[in-house]
Amino acid sequence: MKKFLWLLLLVLFAGFIFFNSSLPAETSYKASGLLAQWLDSLYAAIGDPMPVDRLEARLRKLAHFVEFAVLAMIMVNTFISWRVSNRVASGYILFLGLAVAVADEYIQLSVPGRTAQVTDIVLDFCGVFIIWLCREIWLWSKK
C-alpha cells in the first residue's frame, strides 16, 4: 500500500509542476511578486532591501531548484518503497528528472507570456542532481 501512495504522490507532484507551467505569465508572476514584496518588507526591516524585481527573479529561479529537489526526494522514496536496486533507481531518478524538466519547459512554449529557457532546465536538473548526489553519498557512507 505504501508503495502505491509514493507512486501517487510522484504523479501528483509532477502534475503540480506541469500545472504551474501551464499558468499564464501574468498569473505566475503575480504569485512570485506577492512573495517578493513580503520578503522585501522583511529585508527593509533588517537591513539593505533588494529591488523587488531582482528579488522576484531570484525567487523564481529558487522555486525551479526546490520544486525539482522535492520531485527527486519523492522519486527516491518511491523507488525505495518499490525495492528498486540502487543502480536502476539512479538511472531513473536522473533520466526522469531531466525528462520532467524538459517537458516542463516545453509546456511553457504554448502558454501566453511564457518562454522555455535552457537555463531553467539546467536549474531544474541541478535540484534533482543534488538530491541524487546526497543519496549516493549517504549510501556510500553506510558501506
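None of the values given here were measured: they were computed from a predicted structure. (Residues numbered from 1 in each chain as written. Predicted model: local features only at pLDDT ≥ 70, side-chain atom pairs only at ≥ 80, totals over all residues. Heavy atoms only, no water.)

Undergrad: Explanation requested: the nonpolar core in the structure shown.
TA: Here is a general trend for soluble globular proteins: nonpolar side chains tend to be buried in one another's company. Counting 19 residues, the largest nonpolar core has Phe 68, Leu 71, Met 75 and Ile 93 as the members making the most contacts within it. Element by element, the count of residues in this core is highest for helix H3 (residues 52-81), at eight residues. Contact partners of Phe 68, with chain neighbours within four places excluded, come to Ile 17, Gly 97, Val 100, Ala 101, Asp 104, Asp 124, Gly 127 and Val 128. (Core = buried A, V, L, I, M, F, W, Y, C linked by side-chain atoms within 4.5 Å. Buried < 20%, exposed > 50% of the residue type's maximum accessible area, 1.4 Å probe, protein only. Helix = DSSP H or I, 4+ residues; strand = E, 2+ residues; numbered from the N terminus. Contact = heavy atoms within 4.5 Å.)

Undergrad: Would you take a moment to explain helix H4 (residues 86-108) for this structure?
TA: For an α-helix, the turn length of 3.6 residues means that residues three or four places apart are oriented alike. Along its 23 residues, H4 runs 33 Å from first to last C-alpha, staying within 8% of the 33 Å computed at 1.5 Å per residue. Listed in full, the buried residues belonging to H4 are Ala 89, Ser 90, Ile 93, Gly 97, Val 100, Ala 101, Asp 104, Glu 105 and Gln 108. (Expected span 1.5 Å × (residues − 1).)

Undergrad: Honestly, the pattern of salt bridges in this entry has me stumped. Any pointers?
TA: In a structure, side chains of opposite charge can pair up when their charged atoms sit close to one another. Applying the stated criterion across every chain, the model contains two salt bridges. For Lys 61, the salt bridge identified is with Asp 120, shortest N-O distance 2.5 Å. Taken together, the residues span a long stretch of sequence, with Lys 61 in helix H3 and Asp 120 in helix H5 (residues 118-142) at a distance of 59 residues. Since its relative accessible area comes to 5%, Asp 120 is described here as buried. (Salt bridge = Lys/Arg side-chain N within 4 Å of Asp/Glu carboxyl O.)

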